[in-house]
Amino acid sequence: MPPLNCAVKRQESLGIRAMNTDAQTEYIAALIDLHRGLEHKGPGDSDFSRNILSTLSTLPLKPHIADLGCGSGASALLLAQHYQSPVMAVDASSVFIEELKVRAKQVGLEHLIIPVHGDMAKLDWPAGLLDLLWSEGAAYNLGFEQALKIWRSLLIDSGIAVISELSWFADNVPEPASTYWQNAYPMMGTEAENINRANRSGFSVLSTHRLPNQAWWVNYYEPLRQRMGQIELTPMTQLVIHETEEEMRLFEKFSEFYGYTFYILQAT
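Residues numbered from 1 in each chain as written. Predicted model: local features only at pLDDT ≥ 70, side-chain atom pairs only at ≥ 80, totals over all residues. Heavy atoms only, no water.

### As for the overall build of the chain
Helix and strand counts for the chain stand at 10 helices and eight strands. What you see for the chain is a C-alpha radius of gyration of 18 Å, in line with the 18 Å of a compact globule of 268 residues. If you line up the chain on its principal axes, its C-alpha atoms span 50 × 45 × 35 Å. Considering the chain as a whole, with its 268 residues, one finds that 58% of them fall into the buried category. Contacts spanning at least 24 positions in sequence make up 78% of the contacts within the chain whose residues lie at least 6 apart. Counting every atom, the chain has about 11,600 Å² of accessible surface; 50% of that belongs to carbon and sulfur. Averaged over its 20 positive side-chain charges, the chain has a centre that lies 2 Å from the centre of its 31 negative ones. (Helix = DSSP H or I, 4+ residues; strand = E, 2+ residues; numbered from the N terminus. Rg over C-alpha atoms; globule rule 2.2 N^0.38 Å. Buried < 20%, exposed > 50% of the residue type's maximum accessible area, 1.4 Å probe, protein only. Contact = heavy atoms within 4.5 Å. Areas by Shrake-Rupley, 256 points an atom, 1.4 Å probe, with all protein chains shown as cover. Lys, Arg positive; Asp, Glu negative; His and termini not counted. Charge placed at Lys NZ, Arg CZ, Asp CG, Glu CD.)

Listed below in structure tokens is the structure:
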């Protein structure tokens, strides 16, 4: 099964293990449908991202850029606008890629967006193609370290990767959160563990930045909750909504213990 946006993958890992192939396909379709039309397919914040971009002083004025696991393009459009340079925007969901095309045209950036419907683990691109590789929440689909090892060759030496990853913020994680994420994402690591993974994968870590809670609630969970009230209900959609609400309740209680960390990496 090709990887999807992290917001979709998160529930996928919880719900489809015991399903047959047809049910898995239906489940993924319901997840995509739930996220249809949302600006953010996962937690994120444009101002937060702009602050990170302001620190990337070593990049050329017109960098070669890719956004992997782009969803409907919140980050890809921001990158294109910021650098006025083309962005290759990759996602496995054709629904999200079509949304990206529409959004790019709406904001007058279609000439800078190169939509790619494909598997971000199997990109047939030349080595050293990119100056900047951006990926929010999508490395999760491959496992953080595996994603970094696959993507390292796409960057020039000293190129920059900005990758967000679900991370533990503490060692003493309460049992409900620990159990939930052990089932959902067994490879989830602490920030220190992820820094070591990055170093092993051919990167030095320039800095780390934790995504604030507001980016989860205001930009993602609240619009998603509104979408839940609008979508046509089927048994599979109800399952997806139930699992999403469970995730929301968990984050509300335990957000001090985990969340997204943005890892600013330089290829070595």
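Back to the write-up after that little detour.
### Focus: the pattern of salt bridges
Scanning the entire structure with this criterion turns up 10 salt bridges. Close ionic contact of Lys101 with Glu98 constitutes a salt bridge, the shortest N to O distance being 3.1 Å. Of this pair, Lys101 and Glu98 are both found in helix H5 (residues 94-106), three residues apart, which corresponds to roughly one turn of the helix. You can call Glu98 partly exposed: its relative accessible area is 44%. One continuous salt-bridge network, built from bridges that share partners, spans Asp33, Arg36 and Arg227. (Salt bridge = Lys/Arg side-chain N within 4 Å of Asp/Glu carboxyl O.)

### Brief notes about the environment of Ile114
For Ile114, the position within the fold is in strand E3 (residues 113-117). Separated by 33 residues in sequence, Ile114 and Ala147 place their C-alpha atoms 21 Å apart. The contact partners of Ile114, leaving out residues within four places of it in the chain, are Pro86, Val87, Met88 and Ala89.

### Examining the environment of Trp217
Mapped onto the secondary structure, Trp217 falls in helix H9 (residues 213-228). Contacts of Trp217, omitting those with residues within four sequence positions, involve Glu222, Pro223, Arg225, Met248, Phe251 and Glu252.

### Digging into the pairing of strand E5 (residues 155-168)
Of all 14 residues in E5, 11 are buried; the element is thus mostly enclosed. Strand direction decides the pairing type here: strand E4 (residues 130-136) and E5, joined by six bridges, are parallel. Bridge assignment links Trp134 to a residue of E5, and that residue is Val162. Across nine bridges, E5 lies against strand E8 (residues 258-267) in antiparallel orientation. Bridging across to E8, Ile163 finds its partner in Tyr263. Sheet topology note: the E5/strand E6 (residues 189-190) ladder contains two bridges and is parallel. By the bridge assignment for E6, Trp168 is matched with Thr190. (Pairing = 2+ DSSP bridges.)

### Things to note about the pairing of E8
By the criterion of burial, E8 is predominantly enclosed, with nine of the 10 residues buried. Pairing of strand E7 (residues 203-210) with E8, which is carried by seven bridges, proceeds in the antiparallel orientation. Bridge pairing in E8 places Val205 opposite Leu265.

### Here we look at the confidence of the model for the chain
The share of residues in the chain with pLDDT of 70 or more is 93%, and the mean pLDDT across the chain is 92. Confidence over residues 1-17 falls short of pLDDT 50; this stretch has 65 contacts with residues more than four positions distant or in other chains. (pLDDT = per-residue confidence, 0-100.)

### Quick notes on the packing of aromatic side chains
According to the stated counting rule, one finds 14 aromatic pairs in the structure shown. Ring geometry for Trp216 against Tyr221: centres 5.8 Å apart, planes inclined by 55°, an arrangement best described as tilted. Pair check on accessibility: Trp216 and Tyr221 agree, each one buried. Ring geometry for Trp217 against Phe251: centres 6.1 Å apart, planes inclined by 50°, an arrangement best described as tilted. With Trp217 in helix H9 and Phe251 in helix H10 (residues 235-254), the pair connects residues that are 34 residues apart, well separated along the chain. Considered together, Trp217 and Phe251 belong to a single accessibility category, that of buried residues. Three or more aromatic residues joined by ring pairs make a cluster, and in this case those are Trp168, Tyr180, Trp181, Trp216, Trp217, Tyr220, Tyr221, Phe251, Tyr258 and Tyr260. Sitting over the face of the ring of Phe169, Arg210 holds its NZ or CZ atom 4.1 Å from the ring centroid. (Phe/Tyr/Trp six-rings, centres within 6.5 Å; stacked < 30°, edge-to-face > 60°. Lys NZ or Arg CZ within 6 Å of the ring centre and 35° of its normal.)

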